[in-house]
Amino acid sequence: MSSDNQERVAGAELMKRVLVIGSGGIGRRHLRGYLSTGRARLSIVEPNAERRAEASAMFDLERGYADLAEADLSAHDLAVICAPAHLHVPLMLACASAGLPFMVEKPLAVTMDGVDEALTAVAAAGILARVGYIRRIAPELLALRQHIADGDIGLLRLAYVNSSQEFPKYRPDFQRTYYARPEMGGGAILDAASHAFDMLIWLMGRPVQVGAMYDRLVLEGTDTEDTCLVNIRFESGAMANLTINQFQKPNTNRSDFIGTKGNLTLEHSVLSYSTDDSGKPAETRDYMDGLVPTEAHQARFTIQANAMLDALEGRPCHLATLEEARLNLKVALAAKQSWTERKIITIAN
């Protein structure tokens, strides 16, 4: 065998075998992300034959399975669970049973049923497990977190978050997907707001009280809400306000973190730091080099894929743990309960 061929064979052997479970919109983002790393050999599990054929034609895949039972889980190094959220618990249990490390997409589940059982099984298996709150690995959020840790804005006491966009523009098939059905994890709270909940939990600590309003104000053809207003109180006494609508024309993603010495503002990938009332930030930086939001979003999937592959090799990983995602789910369910019962909900352990 020539030296070039030997190098190619050695390189292939070093690549991790990654099984992506689900090849819908989010699954394809992960497929692009892992392929972009040059560190993974990919297979998929996709029950829908048409979707499975499309993914096989679009991506360089080793295998395409119609059912998880067809795949030898022990032959893979990592699973990426991209099935609808109501299927996450049994898929996590399957990975735990096979001793297969995994990353599961958000939200962790749609109810608390089976969640603690799954977390116990994963802990007993001693495997790596993370949840795909992708902003966790974004360089702009890491920089913001470091500013807070360094005390640059003093004591963080308040946050305002607005994450709104014309959702049908980006997912024109939304009425035919999980998004249209609350029992599958769709809607502004379980689907969209959970990203913001994760960011707030990571930066502000444990939530203890939640109050919310939500409704389907515009988007037709679904049984889920397209708008939510959520207030959260944290164990530290700090508070946060989250606004989401999924029908407005501008793509807005802005978070303001207000401390006793100054403010940090994150707008898409641009981070600004202000310490006075001049209206001019003391420091501004775009951490995604001017990429438009959709390009930056896909770029983060490559960063996330590398983060998971690094974690398999024992390196630190910023992605959310199952325990953090469990708390996130409790916040989402508390927000729904708050509006249904017209009261503020206290989050228990």
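Rules used throughout
- Positions within a chain are numbered from 1, following the residues in the order the chain's sequence is written.
- With the structure being a predicted model, the display of local features is reserved for residues of pLDDT at least 70 and the display and counting of side-chain atom pairs for 80 or more, all residues being used for whole-chain, interface and lining totals.
- Hydrogens and water molecules were not included; the side-chain quantities draw on all heavy atoms of the structure.
- Here a helix means four or more residues in a row that DSSP labels H or I, a strand means two or more in a row labelled E, and each is numbered from the N terminus.
- In this treatment the radius of gyration is a C-alpha quantity, and the globule benchmark scales as 2.2 Å times the residue count to the 0.38 power.
- Every residue pair with non-hydrogen atoms within 4.5 Å of one another is taken to be in contact.
- Surface accessibility in these figures is a Shrake-Rupley result with a 1.4 Å probe; residues are shielded only by whichever protein chains are displayed.
- Charge assignment: positive for Lys and Arg, negative for Asp and Glu; neither His nor the chain ends contribute.
- Taken as the charge location is NZ of Lys, CZ of Arg, CG of Asp or CD of Glu.
- Any carboxyl oxygen of Asp or Glu within 4 Å of a side-chain nitrogen of Lys or Arg constitutes a salt bridge here.
- Burial classes: relative accessible area under 20% of the type maximum marks a residue as buried, over 50% as exposed, and values in between as partly exposed (1.4 Å probe, protein chains only).
- To get an axis, a line is fitted to the C-alpha atoms, and for a helix only the part in contact is used. The angle between two axes follows their N-to-C directions and goes from 0 to 180 degrees.
- For classification purposes, an angle smaller than 35 degrees is called roughly parallel, one larger than 145 roughly antiparallel, one from 65 to 115 roughly perpendicular, and anything else oblique.
- With the far helix as reference, a near helix turned anticlockwise by less than a right angle produces a left-handed crossing, and one turned clockwise produces a right-handed crossing.
- Classification convention: Asp, Glu, Lys, Arg as charged; Ala, Val, Leu, Ile, Met, Phe, Trp, Tyr, Cys, Pro as nonpolar; all other residues, Gly among them, as polar.
- Identification of polar contacts relies on pairs of N or O atoms within 3.5 Å, with a donor-acceptor requirement for protein atoms, meaning one able to donate a hydrogen and the other able to accept it, and with residues adjacent in sequence counted only if both atoms are side-chain atoms.
- Two strands make a pair as long as DSSP finds a minimum of two bridges between them.

1. Thoughts on the overall build of the protein chain
Alright, step 1. The number of helices and strands found in the protein chain is ten helices and 15 strands.
Alright, step 2. A compact globule built from 349 residues would reach a C-alpha radius of gyration of about 20 Å, and the protein chain, at 21 Å, matches this within 12%.
Alright, step 3. Along the first, second and third principal axes, the C-alpha set of the protein chain runs to 70 × 45 × 40 Å.
Alright, step 4. Partitioning the contacts of the protein chain with sequence separation of at least 6, the portion at a separation of at least 24 is 68%.
Alright, step 5. Within the structure as shown, the protein chain displays about 15800 Å² of accessible surface, and the carbon and sulfur contribution to it stands at 49%.
Alright, step 6. One finds the centroid of the 36 positive side-chain charges in the protein chain at a distance of 2 Å from the centroid of its 43 negative side-chain charges.

2. So, the pattern of salt bridges
Alright, step 1. Applying the stated criterion across every chain yields a total of 21 salt bridges.
Alright, step 2. With its nearest N and O atoms 2.7 Å apart, the salt bridge here joins Arg 300 to Glu 140. Of this pair, Arg 300 sits in helix α9 (residues 293-312) while Glu 140 sits in helix α6 (residues 139-149), placing them 160 residues apart in sequence. No difference in accessibility class separates Arg 300 from Glu 140, as the two residues are buried.
Alright, step 3. Residue Glu 341 is joined to Lys 343 by a salt bridge in which the shortest nitrogen-to-oxygen separation is 3.2 Å.
Alright, step 4. Under the relative-accessibility criterion, Glu 341 is labelled partly exposed at 38%.
Alright, step 5. Take Lys 343: its relative accessible area is 45%, and that puts it in the partly exposed class.
Alright, step 6. Three or more residues joined by partner-sharing salt bridges are found here, namely Arg 39, Asp 310, Glu 313 and Arg 315.

3. Focus on the packing of α6 against helix α8 (residues 188-204)
A pair of packed helices is characterised by two quantities: the angle between their axes and the separation of those axes.
Alright, step 1. Interhelical geometry of α6 versus α8 gives an angle of 30° and a closest axis separation of 10 Å. In terms of orientation, α6 lies roughly parallel with respect to α8. In the packing of α6 onto α8, the handedness of the crossing is right-handed. From α6, Leu 141, Leu 142, Leu 144, Arg 145 and Ile 148 reach across to α8, where they touch Met 199, Trp 202 and Leu 203.
Alright, step 2. Residues of the contact of α6 with α8, tallied by class, amount to seven nonpolar, no polar and one charged.

4. Let's talk about the environment of Gly 262
Alright, step 1. The topology assignment puts Gly 262 in the loop between β11 (252-259) and β12 (263-267).
Alright, step 2. The exposure class assigned to Gly 262 is buried, which follows from its relative accessible area of 8%.
Alright, step 3. Separated by 110 residues in sequence, Gly 262 and Asp 152 have C-alpha atoms that sit 7.3 Å apart.
Alright, step 4. Those residues in contact with Gly 262, other than ones at most four positions away along the chain, are Ile 153, Phe 257, Ser 274 and Thr 275.

5. Describing the environment of Thr 260
Alright, step 1. Of note, Thr 260 is situated in the loop between β11 and β12.
Alright, step 2. Separated by 108 residues in sequence, Thr 260 and Asp 152 have C-alpha atoms that sit 9.5 Å apart.
Alright, step 3. When residues no more than four places from it in sequence are discounted, the contact partners of Thr 260 are Ile 153, Gly 154, Leu 155 and Arg 157.
Alright, step 4. A distance of 2.9 Å separates a polar side-chain atom of Thr 260 from the backbone nitrogen of Leu 155.

6. Let's talk about the sheet that holds strand β3 (residues 61-65)
Alright, step 1. The strand order across the open sheet formed by six strands is β3-β2-β1-β4-β5-β6, and the pairing between neighbours is parallel. Since the sheet does not close on itself, it has two edges, and those belong to β3 and β6 (129-131), each with one partner. With strand direction ignored, the average angle separating the axes of adjacent strands in the sheet is 20°.

7. Structural notes on unusual backbone geometry
Alright, step 1. For the peptide bond that leads from Lys 106 to Pro 107, omega is -15°, which places it in the cis range.
Alright, step 2. Here Pro 107 lies in the loop between β5 (102-104) and α5 (115-125).
Alright, step 3. In this model, His 268 sits at a positive phi of 55°, which is unusual for a non-glycine residue.
Alright, step 4. Even without being glycine, Arg 342 reaches a positive phi, approximately 55°.
Alright, step 5. Take Arg 342: it is sitting in the loop between α10 (322-341) and β15 (345-346).

8. Section: the side chain of Lys 336
Alright, step 1. For Lys 336, the position within the fold is in helix α10.
Alright, step 2. Since its relative accessible area comes to 17%, Lys 336 is described here as buried.
Alright, step 3. Once you skip the residues sitting within four places of it in the chain, Lys 336 turns out to touch Pro 182, Ile 189, Leu 190, Tyr 214 and Glu 225.

9. Comments concerning the pairing of strand β10 (residues 239-245)
Alright, step 1. Across five bridges, strand β7 (residues 156-164) lies against β10 in parallel orientation. Within β10, the position partnered with Leu 158 by the bridge is Met 239.
Alright, step 2. Inspection of the sheet shows strand β9 (residues 227-234) paired to β10 by seven bridges, in the antiparallel sense. The residue of β10 that forms the bridge with Ile 232 is Ala 240.
Alright, step 3. Taken together, β9 and the strand that follows it, β10, pair antiparallel across an intervening segment of four residues, in which Gly 237 is found at a positive phi of about 100°.

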